[in-house]
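# Results of the structural survey
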Amino acid sequence: MLITVLTFARAGHPGHDRRDFVTLAQLAAPDGLVHGLTRASTLLGVIALCVAAAQVAGEYSNGTLRNLLVRQPRRPVLLVAKLAAVLSFMVGAALVAAVAGSAAAVVMAHVRGIATSGWSSATGLHVFAQGFANTALVVAGYTTLGMALGVLLRSPVSSIAVGLAFMLPIEAILSAAVSGLDRWLPGQLLDVVSQGGSSTLSYGAACLRAAVILAIAAGGAMALFVRRDVTS
């Protein structure tokens, strides 16, 4: 909601202020309602990563994993169920954020004098649904990465710290230092997915590459979870 409010508050006329990253005319377009949600998708993804990493790694650090395995000895089933639970919660949170952001957008549109008729058109509703679907995919990707880090490091603090450090500053540095590397980094790929594609990478290619990376991460986490001994 806050990102949506800031997006509308900072919007201006073309050429009026170079600091403006979106214009009033763009916000009045059929895709104007989705601007705030698209910009918030990375933040929602980071939160999902932290929640997933803490949930999985916390079972190790708190010594509760053994009790869970007594009730459900099939480890793949346990890990998939835990991932599904966290993923459902985070997608639900993203839906709440989308609804709250839409309400804030309507209020801010009236404050700034922005026409909203295009938002409720067939094109506007389709764009908004597609934007939310992309956000849900981003949340799912970050949740999977958080789960993999939680299984690998078995410490909530370490998992979250490593995840945030790699997905934010390290990926940005690597992308700037090595040309074309951003097309293979999970955080950068998920960012392209949230935008529906970019000038350098299509939406389909970004989804495919992100899916491959996430499958490798999930598969490695599952193999480690199944084979690793639980000592406490």
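Note that the structure is a prediction, hence the values are computed from the model and not measured.

### Focus on the layout of surface pockets
For the largest pocket, the calculated volume is near 350 Å³. If you trace the largest pocket, you find 16 residues lining it, with Val34, Thr38, Ser194, Gln195 and Gly196 closest to the centre. At the level of elements, helix H3 (35-61), helix H6 (122-153) and helix H8 (186-195) are the ones that each hand at least two residues to the lining of the largest pocket. Element by element, the count of residues in the lining of the largest pocket is highest for H3, at five residues. When the residues that make up the lining of the largest pocket are grouped by side-chain class, the tally is three nonpolar, 10 polar and three charged.

### Here's the deal with a nonpolar patch on the surface
On the surface, a cluster of nonpolar side chains totalling about 240 Å² of accessible area is made up of Leu152, Leu153 and Val162. Looking at Val162, the relative accessible area reads 41%, which means it is partly exposed.

### Side note on the packing of helix H1 (residues 2-10) against H3
Between H1 and H3, the least distance of the axes is 8 Å, while the angle of their chain directions is 135 degrees. Considering their axes alone, H1 and H3 lie oblique with respect to each other. With respect to the hand of their crossing, H1 and H3 are arranged in right-handed fashion. Where H1 abuts H3, its residues Ile3, Thr4 and Thr7 lie against His35, Gly36, Leu37, Arg39, Ala40 and Leu43. Per-class residue counts for the contact of H1 with H3 are four nonpolar, four polar and one charged.

### Section: empty space enclosed by the protein
Taken as a whole, this structure holds one cavity of 30 Å³ or more when the rule is applied. Put simply, the largest cavity is a space of about 40 Å³. Val56, Glu59, Leu65, Leu78, Leu79, Lys82 and Phe225 together form the lining of the largest cavity. Looking at the lining of the largest cavity, the elements with two or more residues in it are H3 and helix H5 (75-112). Per element, the largest residue contribution to the lining of the largest cavity is three residues, and it comes from H5. Its residues placed into classes, the lining of the largest cavity shows five nonpolar, no polar and two charged.

### Examining H6
For H6, which comprises 32 residues, the first-to-last C-alpha distance of 47 Å matches the rise-based estimate of 46 Å (1.5 Å per residue) to within 8%. Immediately beyond the C-terminal end of H6, within one or two residues, lies Arg154, with a positive phi of roughly 60 degrees.

### Here we look at the pattern of salt bridges
Following the criterion strictly, the structure yields one salt bridge and no others. Notably, a salt bridge pairs Lys82 with Glu59, separated by 2.8 Å at the nearest N-O pair. Placement of Lys82 in helix H5 and of Glu59 in helix H3 is noted, with a sequence separation of 23 residues between them. Pair check on accessibility: Lys82 and Glu59 agree, each one buried.

### Remarks on the packing of aromatic side chains
Taken as a whole, this structure holds one aromatic pair when the rule is applied. On the numbers, 6.0 Å between centres and 80 degrees between planes, the contact of Phe8 with Trp119 is edge-to-face. Of this pair, Phe8 sits in helix H1 while Trp119 sits in the loop between H5 and H6, placing them 111 residues apart in sequence. Residue Phe8 shares its accessibility class with Trp119, and that shared class is buried. The residue whose ring lies beneath Arg209 is Trp184, and the NZ or CZ to ring-centre distance is 4.0 Å.

### Topic: the environment of Phe89
With respect to the helices and strands, the residue Phe89 is situated in helix H5. Assessed through its relative accessible area of 54%, Phe89 is described here as exposed.

Analysis parameters
Residues numbered from 1 in each chain as written. Predicted model: local features only at pLDDT ≥ 70, side-chain atom pairs only at ≥ 80, totals over all residues. Heavy atoms only, no water. 1 Å grid on protein atoms, 1.4 Å probe; cavity = no way out; pocket = protein on both sides within 12 Å on 5 of 7 lines; lining within 4 Å. Points joined across faces, edges and corners; volume = space filled by probe spheres on them. Helix = DSSP H or I, 4+ residues; strand = E, 2+ residues; numbered from the N terminus. Nonpolar A, V, L, I, M, F, W, Y, C, P; charged D, E, K, R; others polar. Patch = residues over 30% accessible without salt bridge, like charges linked within 9 Å, V, L, I, M, F, W, Y side chains within 5 Å. Areas by Shrake-Rupley, 256 points an atom, 1.4 Å probe, with all protein chains shown as cover. Salt bridge = Lys/Arg side-chain N within 4 Å of Asp/Glu carboxyl O. Buried < 20%, exposed > 50% of the residue type's maximum accessible area, 1.4 Å probe, protein only. Axes fitted to C-alpha atoms, helices over the stretch in contact; angles between N-to-C directions. Parallel < 35°, antiparallel > 145°, perpendicular 65-115°, else oblique. Left-handed = near helix turned anticlockwise from the far one by under 90°. Contact = heavy atoms within 4.5 Å. Expected span 1.5 Å × (residues − 1). Phe/Tyr/Trp six-rings, centres within 6.5 Å; stacked < 30°, edge-to-face > 60°. Lys NZ or Arg CZ within 6 Å of the ring centre and 35° of its normal.

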